[in-house]
Amino acid sequence: MRGDVHDIGKNLVDIILTNNGYNVVNLGIKQPVSAILDAAEEHKADVIGMSGLLVKSTVIMKENLEELNQRDLAAKYPVILGGAALTRAYVEQDLHEIYQGEVRYARDAFEGLRLMDALMAVKRGIPGAALPELKQRRVKAAAAVRNTEQLPAEGPRRSDVATDNPVPTPPFLGTRVVKGIPLKEYASWLDEGALFKGQWGLKRDMIDSVGRPRLRLWLNRLRTENLLEAAVVYGYFPCVSKDDDLIVLDEQGNERTRFTFPRQDRDRRLCLADFFRSEESGQVDVVGLQVVTVGSRIGEATAGLFGTDAYRDYLELHGLSVQLAEALAEYWHARVRAELGIGVHDPAGLDGMLRTQYQGCRYSLGYPACPDLEDRGKIADLLRPERIGVELSEEFQLHPEQSTDAIVVHHPEASYFNAGGRP
Ligand code: B12
């Protein structure tokens, strides 16, 4: 299977299929198609599965299917695809049109299991066995065209985001490294809903009886076994905007680097650049950047658990570790707001914080307002996260995986928005 750094979903599929009697050859992350095909031949695979949570992975999956066609292997290998970056229509319509064999989408591991059962039944010639019907896109192409026609062809270029908000004064310009942040400082920022429901898959009635005691146990273990090495590199940079670009300046006012963000072609025509003073205004604004990590020791611990088939522990610890990376990012964002003097608008409780009811916004690259993962290279150049043991890979993924980067915007109107088209 091919995954990206988000490989928990793929591992979960491995666990569920294995527990149901299938022999899974889990190749780990970032496998080239040749390695997938070699393993499929060697192990006489019945089906190939691929997993991708990054948008880029969807393109690679398409290329992989084309490669299978070219090698005349499509009839031999049915393919099951899954992961957050995919949609059912993309797989069962667009990719199905390309692939000369069977290709299906699995929303979760259990749908993967049902598909495996169906594929094997068909292969074994069991009477009445069939694959589920392919799902077609609900919105017809014609309707989609009508929708775009309703958009103003020539709208105003910039959004109506205010340009007279005060520009905060940062405590310093440039970067700072902070290491050894104690767990108690950021554990209180943990999004328990995302952990219990999203990562641990617990139903509401299991949260108090199972979730909280297990969480206490793991937090204790993380502390006593010293598994976390939370560190941050962050900084404040002078900047201006020009059209859709955010231009980061050096202290002399010369351009250091430039981000180009997509602009909505509907609604308010928002673009991330609009939250910063324009070059023409003659004023200089400030942008925050941060990279946070909970370190690499935790990854070794989770890999150890997976390797020894301690699946429940693996899922729990991995899920907790990724949510702690998020918690650390939230915590540091609050710190940045305090340093910029805009933290006075912070809501009192964590609930309000997680609903982003504070001033400003933390945009991680790869999310809809700033989808271009290659821009992570610019953040890495400015912050040099290798100083906290974080490296950016050629695929623009941070290693260790429990790391995340962000552009921190102080503008009162800044919030999450979608500037891209849908796949
Ligand atoms: C938790 C999370 C994180 C965590 C943990 C990451 C990790 N190591 O796992 C943290 C905070 C570290 C993180 C970081 C980032 N993330 Co993130 N993250 C998520 C989130 C919210 C959930 C992922 C998850 O754990 N899901 C739970 C697992 C169990 O589900 P799953 O992987 O989807 O798998 C299930 C199904 O999809 C299916 N399935 C999956 N594969 C397969 C394969 C087969 C064969 C079958 C049958 C089924 C199947 O079955 C699985 C089990 O049921 C997703 C959004 C989402 N809705 O998925 C974004 C998401 C994946 N992240 C995203 C991004 C952009 C990032 C960052 C690049 C952000 C940044 N700039 O820092 C970084 C990259 C990390 C790095 N090291 O470089 C984007 C990717 C989109 C894109 N542009 O490519 C997403 C989609 C969010 C979004 N809506 O935009 N992330």
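Note that the coordinates shown come from a computational prediction; the quantities given were computed from them, not determined experimentally.

Rules used in this analysis
- Residues numbered from 1 in each chain as written.
- Predicted model: local features only at pLDDT ≥ 70, side-chain atom pairs only at ≥ 80, totals over all residues.
- Heavy atoms only, no water.
- Helix = DSSP H or I, 4+ residues; strand = E, 2+ residues; numbered from the N terminus.
- Domains from an automatic or database assignment.
- Buried area = accessible area lost by both parts, 1.4 Å probe.
- Salt bridge = Lys/Arg side-chain N within 4 Å of Asp/Glu carboxyl O.
- Polar contact = N/O pair within 3.5 Å; in protein donor to acceptor, adjacent residues only side chain to side chain.
- Contact = heavy atoms within 4.5 Å.
- Near = heavy atom within 4 Å.
- Nonpolar A, V, L, I, M, F, W, Y, C, P; charged D, E, K, R; others polar.

## With respect to unusual backbone geometry
- Residue Pro-400 follows His-399 across a cis peptide bond; omega there is 0°.
- When you line up the elements, Pro-400 lands in the loop between strand S11 (398-399) and strand S12 (403-409).
- One non-glycine residue, Asn-226, lies in the positive phi region at around 55°.
- Secondary-structure assignment places Asn-226 in the loop between helix H9 (207-224) and strand S5 (231-242).
- Of note, Asp-243 is a non-glycine position whose phi angle comes to about 50°, a positive value.
- Here Asp-243 lies in the loop between S5 and strand S6 (245-249).

## Some points on the domain arrangement of the protein chain
- When cut into domains, the protein chain gives domain 1 (8-123) and domain 2 (174-409).
- Interface area, domain 1 with domain 2, both sides summed: about 960 Å², of which 70% is carbon and sulfur.
- The largest share of the area that domain 1 buries against domain 2 comes from Ile-8, Ile-15 and Lys-30, three residues that together contribute 49% of it.
- Where domain 1 meets domain 2, there are 0 salt bridges.
- On the surface where domain 1 and domain 2 come into contact, there are 1 residue pair in polar contact (both at pLDDT 80 or more).
- Counting residues per element, the side of domain 1 that touches domain 2 draws most heavily on helix H1 (residues 8-19), at 5 residues.

## Describing the pattern of salt bridges
- Throughout the structure, instances matching the rule amount to 30 salt bridges.
- Connected via shared salt-bridge partners are Arg-214, Arg-312, Asp-313 and Glu-316.

## Considerations on the environment of Glu-92
- Turning to its location among the elements, Glu-92 is positioned in helix H4 (residues 88-98).
- Residues Glu-92 and Gly-9 lie 83 residues apart in sequence; the distance between their C-alpha atoms is 20 Å.
- Those residues within four positions of Glu-92 in sequence are excluded, and the remaining contacts are Arg-104, Tyr-105, Glu-133, Leu-134 and Lys-135.
- Looking at Glu-92, its side chain comes within polar contact range of the main-chain nitrogen of Tyr-105, at 3.1 Å.

## Topic: the site of the ligand
- For the ligand, the set of nearby residues contains 37 residues, the closest of which are His-6, Val-55, Leu-398, Glu-401 and Asp-405.
- Within the side chain of Ser-51, an N or O atom sits 2.7 Å from a nitrogen atom of the ligand.
- Between the ligand and the protein, one listed contact pairs a nitrogen atom with a backbone N or O atom of Gly-82 at 3.4 Å.
- Those elements giving two or more residues to the shell around the ligand turn out to be H1, strand S1 (48-51), strand S2 (79-82), helix H5 (109-123), helix H11 (311-339) and S12.
- When residues in the shell around the ligand are grouped by element, the largest group, 4 residues, is from H1.
- Partitioning the shell around the ligand into residue classes produces 17 nonpolar, 14 polar and 6 charged.
- Of the domains in this structure, domain 1 (8-123) and domain 2 (174-409) are the two that each give at least three residues to the shell around the ligand.

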